[in-house]
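# Coordinate analysis (summary)
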Amino acid sequence: QVRLVESGGGLVQAGGSLRLSCAASGRTFSNYAMGWFRQAPGKEREIVAAIRWSGGSTYYADSVKGRFTISRDNAKNTVSLQMNSLKPEDTAVYYCTARDSSTIHTIATNWRYWGQGTQVTVSS
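So, how was this worked out
- Residues numbered from 1 in each chain as written.
- Predicted model: local features only at pLDDT ≥ 70, side-chain atom pairs only at ≥ 80, totals over all residues.
- Heavy atoms only, no water.
- Helix = DSSP H or I, 4+ residues; strand = E, 2+ residues; numbered from the N terminus.
- Rg over C-alpha atoms; globule rule 2.2 N^0.38 Å.
- Buried < 20%, exposed > 50% of the residue type's maximum accessible area, 1.4 Å probe, protein only.
- Areas by Shrake-Rupley, 256 points an atom, 1.4 Å probe, with all protein chains shown as cover.
- Lys, Arg positive; Asp, Glu negative; His and termini not counted.
- Charge placed at Lys NZ, Arg CZ, Asp CG, Glu CD.
- Core = buried A, V, L, I, M, F, W, Y, C linked by side-chain atoms within 4.5 Å.
- Contact = heavy atoms within 4.5 Å.
- Polar contact = N/O pair within 3.5 Å; in protein donor to acceptor, adjacent residues only side chain to side chain.
- Salt bridge = Lys/Arg side-chain N within 4 Å of Asp/Glu carboxyl O.
- Disulfide = S-S within 2.5 Å.

Scanning the protein from N- to C-terminus turns up zero helices and eleven strands. Each helix and strand of the protein, ordered N terminal to C terminal, gives the series β-β-β-β-β-β-β-β-β-β-β. At 13 Å, the protein has a C-alpha radius of gyration in line with the 14 Å of a compact globule built from 124 residues. Along the first, second and third principal axes, the C-alpha atoms of the protein reach 40 × 25 × 25 Å. A total of 124 residues make up the protein; the buried ones form 42% of that total. For the protein, the computed accessible surface area is about 6,300 Å², with 44% contributed by carbon and sulfur atoms. The distance from the centre of the 14 positive side-chain charges to the centre of the 8 negative ones in the protein is 5 Å.

A word on the nonpolar core. Leu4, Trp36, Leu81, Met83 and Tyr94 are the most contacted members of the largest nonpolar core, which has 30 residues in total. Of all the secondary structure elements, the ones that give two or more residues to this core are strand E3 (18–25), strand E4 (33–39), strand E5 (46–51), strand E7 (68–73), strand E8 (78–83), strand E9 (92–99) and strand E11 (118–123). Formed by five residues, the second largest nonpolar core is a distinct cluster that contains Phe37, Ile47, Ala50 and Trp111.

We now examine the environment of Ser80. Along the chain, Ser80 falls in strand E8. The buried category is assigned to Ser80, whose relative accessible area is 10%. For the pair Ser80 and Arg112, spaced 32 residues apart in the sequence, the C-alpha separation amounts to 18 Å. Setting aside chain neighbours within four positions, we find Ser80 in contact with Arg19, Leu20, Ser21, Trp36, Thr69, Ile70 and Ser71.

With that settled, consider the side chain of Thr97. Within the secondary structure, Thr97 sits in strand E9. Within the structure, the side chain of Thr97 is placed 2.8 Å from the backbone oxygen of Tyr113, a separation counted as a polar contact. In contact with Thr97, not counting residues within four places along its chain, are Leu4, Ala33, Met34, Gly35, Trp36, Phe37, Trp111, Tyr113 and Trp114.

All right, on to unusual backbone geometry then. Located in the positive-phi region is Asn77, a residue other than glycine, with phi close to 55 degrees. Looking at where Asn77 falls in the secondary structure, it is placed in the loop between E7 and E8. Not every positive phi belongs to a glycine, and Ser85 is a case in point at roughly 50 degrees. Turning to its location among the elements, Ser85 is positioned in the loop between E8 and E9.

Turning next to the side chain of Arg72. Among the structural elements, Arg72 can be located in strand E7. One buried charged residue, Arg72, forms no salt bridge at all, with the nearest opposite charge on Asp73 at 8.2 Å. Separated by 2.9 Å, the side chain of Arg72 and the backbone oxygen of Arg52 make a polar contact. In this structure Arg72 touches Tyr32, Ala33, Met34, Ile51, Arg52, Trp53, Thr78 and Val79, once residues within four positions along its chain are discounted.

So, on to the state of the cysteines. With the rule as written, the count across this model stands at one disulfide. Paired through a disulfide, Cys22 and Cys96 show a sulfur-sulfur distance of 2.1 Å. For the disulfide bridge between Cys22 and Cys96, the dihedral angle about the S-S bond is near -80 degrees, and by the sign convention the bridge is left-handed. Here Cys96 lies in strand E9 and Cys22 lies in strand E3, a separation of 74 residues in the sequence. The two residues Cys22 and Cys96 agree in class, both being buried.

Pasting the structure below:
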């Protein structure tokens, strides 16, 4: 089974930056998409960003576009999320996810593998 482990979360002031990393171990796929979702208390898990295996196609939620950047290193089985200009509304648990397909989906149900999550808190 694939294991995903996130790191890099923490407390940051509004306007600051954080870089999240996700390390994948175990089973890997020649063509798989990876992404980041986040979930705040009382809210549904929502997509933040996703990237195809080739890295040539990405998706960003409107709320983070222009501020966040997703990237991946297939040789190292890692995916990162650079978060700049953070806002208090970005506060959530961020989850790394993957699926054994190159297709990007915006709904959490369509993603098979999940990390344990890392807390990101942005203060005003």
